[in-house]
Amino acid sequence: MTQSFQKVRALTGMKDVLPDTSAQWETLEAIVRDWLAAYGYRNMRAPVLELTRLFTRGIGEVTDIVEKEMYSFTDALNNEHLTLRPEFTAGMVRACIEHNMLYDRPHRVYALGPVFRHEKPQRGRYRQFHQIDVEALGFAGPDIDAELIVMLQRLWKILGLNDIRLELNSLGQAHERAAHRAALITYLEEHKSVLDEEAQRRMYTNPLRVLDTKNPAMQAMANNAPRLFDFLGPESLAHFEGVCSRLADAGIEYRLNPRLVRGLDYYNLTVFEWVTDRLGAQGTVCGGGRYDGLIELLGGKPAPAVGFAIGMERLLDLWTQSQPPVAAPECQVYVIHQGDAAQRQAACVAETLRDAGLSVIVHAGSSGFKSQFKRADASGAAVAVILGESELAEGKATVKWLRQEFITDQVQQDVVALDQLVNVLKTRV
Ligand code: ATP
Ligand code: MG
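These numbers were taken from a predicted model, which means no experiment stands behind them.

Turning next to the overall build of the chain. When helices and strands are tallied, the chain shows 16 helices and 16 strands. Rg of the C-alpha trace for the chain: 28 Å, well past the compact-globule value of 22 Å for 429 residues, more than 25% over. Here the chain, with 429 residues, has 47% of them falling under the buried criterion. For the chain, the share of sequence-separated contacts (at least 6 apart) that also reach a separation of at least 24 residues comes to 70%. Total accessible area on the chain is roughly 21700 Å²; 51% of this is exposed by carbon and sulfur atoms. In the chain, which carries 47 positive and 54 negative side-chain charges, the distance between the mean positions of the two groups comes to 3 Å.

Written out as structure tokens, the structure reads:
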């Protein structure tokens, strides 16, 4: 009797990154790391799983993320409420507080990795996606706010992306938001008939978020609502002006978008997003802003901070549109062999080539020369090293150059002594 097993599939909205695509990811990540290093940012890695209350407190109870997007569960072993990180900032700040990093000096830090949100999957919107998260902790700005934006402009330039535009706003300080909030609630009460269910529920708990609606029926109401920007006092305006003048110095254009409030509660003063029309409906590539209250809110000694997160999938989508990826070779040298003794010698020869810094695949198993050559070609290797019975008897190997750019003087194939092999290969590969 044969038993049949059902395939186990990946979860909805969670994508596998296969080797060819993964090579693009790695290239992009390497560019990103160099770009961050050029501004003095250092990598750190916090856990993917945290206590749920870190996010409910840090991000805010009445937000899309906390209300409906978090992967939360109770750890059956010790009854703790846990959540897969839906964003980086809360965990990064927690870690910096926990390790007393914020007492004596500011820090420029970044992290790359997966985040999890239970959203409706579509192009550019997944349930596991990846962020490049950058945080400047302990800086009051506005110089640093502007530096972050200038830095992003440089990344777009490095990647050859020229149609990402900047939207900018200021959310002011707590007392300004309180005055605006009162005016906004009055306005929302006057327009209660056009508010959807979610908006009616949020109008007293988080009225600013009502304006961040994606509901088309509420756009006109949201457009005409009292603008937080008009409630900013001289200090907040000076900070904003400080950012804008530095952007002008760097030749960066922006659009003041008074509707831009961002999806998380912890922001104040500067908020920004970089958006493009080349990604369909999910056009925001990067979002960020200042969050001077968060460190204190999470139990640290009060300190200002500012940061941003880039969506890796969206960035990669844009980048591959403008620069079609070239598949990277699997190795530089592919070793082909015939017979048991040659196969064993091939493994030893390959080790000496690796000692010399070459990447080498030894054909696994025993197949005919023809199919081994096929695999060698498909691997993208520059050269095949052939160990047959006759070569073995003479202590030699045949070297066959597989790609046009490595062939010199029309000589595609040489027989070389094994002790000369590294030299011959290293001069050309
Ligand atoms: P959106 O308005 O698209 O839902 P957001 O405000 O929720 O975005 P942030 O929390 O600011 O997004 O996250 C930073 C970046 O991460 C976004 O600008 C976007 O590029 C990316 N991002 C957010 N949610 C997703 C998702 N579900 N799938 C893929 N990328 C995402
Ligand atoms: Mg969202």
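Having seen the structure, we can now continue with the description.
Position of isoleucine 407 relative to the elements: it lies in the loop between strand S15 (396-401) and strand S16 (413-417). Residues isoleucine 407 and valine 383, 24 residues apart in the sequence, show an inter-C-alpha distance of 9.6 Å. With residues up to four places along the chain from it excluded, the contact list for isoleucine 407 reads Trp401, Gln412 and Arg428.

In the vicinity of ligand 1 there are 16 residues, among which Arg117, Glu119, Arg125, Arg262 and Thr284 approach most closely. Within the contact set of ligand 1, an oxygen atom lies 3.3 Å away from a side-chain nitrogen or oxygen of arginine 314. Protein chains shield 91% of the accessible area of ligand 1, which is 590 Å² for the free molecule. Residue contributions to the shell around ligand 1 peak at 4 residues, all from strand S10 (residues 284-290). Considering only residue class, the shell around ligand 1 consists of 5 nonpolar, 5 polar and 6 charged.

Time to look at the domain arrangement of the chain. Taken as a whole, the chain is organised into domain 1 (19-172 + 252-322), domain 2 (174-231) and domain 3 (333-426). The gap between the C-alpha centroids of domain 2 and domain 3 is 70 Å.

Attention now goes to the packing of aromatic side chains. Two measures describe an aromatic ring pair: the distance that separates the ring centres and the angle between the ring planes. Applying the stated criterion to the full structure yields 5 aromatic pairs. Plain terms: the ring middles of tryptophan 156 and tryptophan 274 are 5.6 Å apart, the flat faces sit at 75 degrees to each other, and that makes the pair edge-to-face. Of this pair, tryptophan 156 sits in helix H5 (residues 143-158) while tryptophan 274 sits in strand S9 (residues 268-275), and the two are 118 residues apart along the sequence. Residue classification places tryptophan 274 among the buried positions, given a relative accessible area of 1%. Pairing phenylalanine 229 with phenylalanine 240 gives two aromatic rings, centres 5.1 Å apart and planes at 75 degrees, and the pair type is edge-to-face. Taken together, the residues span a long stretch of sequence, with phenylalanine 229 in the loop between helix H9 (219-223) and helix H10 (234-249) and phenylalanine 240 in helix H10 at a distance of 11 residues. Residue phenylalanine 229 is classed as buried on the basis of its relative accessible area of 14%. An aromatic cluster is built from Trp35, Phe272 and Phe308, whose rings are joined through pairwise contacts.

The subject of this paragraph is the environment of lysine 15. Structurally, lysine 15 is set in the segment before helix H1 (19-37). Along the chain, lysine 15 and arginine 127 lie 112 residues apart, while their C-alpha atoms are 8.7 Å from each other.

A word on the sheet that holds strand S4 (residues 80-84). One open sheet holds the 3 strands; their spatial order is S2-S4-S3, and the pairing between them is antiparallel. One side of each edge strand has no neighbouring strand; the edge strands of this open sheet are strand S2 (49-51) and strand S3 (72-75). In this sheet, neighbouring strand axes are inclined to one another by 40 degrees on average, regardless of whether the strands run parallel or antiparallel. As paired elements, S2 and S4 share 3 bridges and run antiparallel to each other. Counted as the bridge partner of leucine 49 is leucine 84 from S4.

Our next topic: the sheet that holds strand S6 (residues 128-137). The pairing of strands in a sheet comes from backbone hydrogen bonds and takes either a parallel or an antiparallel form. A sheet is described by the order of its strands in space; here 8 strands give the open sequence S1-S5-S6-S11-S10-S9-S7-S8, paired in mixed fashion. Here the strands that pair on one side only, and so sit at the sheet edges, are strand S1 (42-43) and strand S8 (255-256). This element, helix H12 (residues 312-322), spans S6, S10 and strand S11 (305-311) of the sheet and lies at about 105 degrees to S6.

Most of strand S12 (residues 333-337) is tucked away, with 5 of its 5 residues classed as buried. The alternating pattern of S12 places Val333, Val335 and His337 on one face and Tyr334 and Ile336 on the opposite face, and all of these are buried. Pairing between S12 and strand S13 (residues 360-362): 3 bridges, direction parallel. If you follow valine 333 over to S13, its bridge partner there is valine 360. With respect to chirality, the unit in which S12 leads through helix H13 (residues 340-355) into the neighbouring parallel S13 is right-handed. Judged from the 5 bridges that link them, S12 and strand S14 (residues 383-387) form a sheet pairing that is parallel. Opposite isoleucine 336, over in S14, you have isoleucine 386 as the bridge partner.

Calculation notes
- Residues numbered from 1 in each chain as written.
- Chains lettered and ligands numbered in written order.
- Predicted model: local features only at pLDDT ≥ 70, side-chain atom pairs only at ≥ 80, totals over all residues.
- Heavy atoms only, no water.
- Helix = DSSP H or I, 4+ residues; strand = E, 2+ residues; numbered from the N terminus.
- Rg over C-alpha atoms; globule rule 2.2 N^0.38 Å.
- Buried < 20%, exposed > 50% of the residue type's maximum accessible area, 1.4 Å probe, protein only.
- Contact = heavy atoms within 4.5 Å.
- Areas by Shrake-Rupley, 256 points an atom, 1.4 Å probe, with all protein chains shown as cover.
- Lys, Arg positive; Asp, Glu negative; His and termini not counted.
- Charge placed at Lys NZ, Arg CZ, Asp CG, Glu CD.
- Near = heavy atom within 4 Å.
- Polar contact = N/O pair within 3.5 Å; in protein donor to acceptor, adjacent residues only side chain to side chain.
- Nonpolar A, V, L, I, M, F, W, Y, C, P; charged D, E, K, R; others polar.
- Domains from an automatic or database assignment.
- Phe/Tyr/Trp six-rings, centres within 6.5 Å; stacked < 30°, edge-to-face > 60°.
- Pairing = 2+ DSSP bridges.
- Axes fitted to C-alpha atoms, helices over the stretch in contact; angles between N-to-C directions.
- Right-handed = clockwise from strand over helix to strand, strands pointing away.

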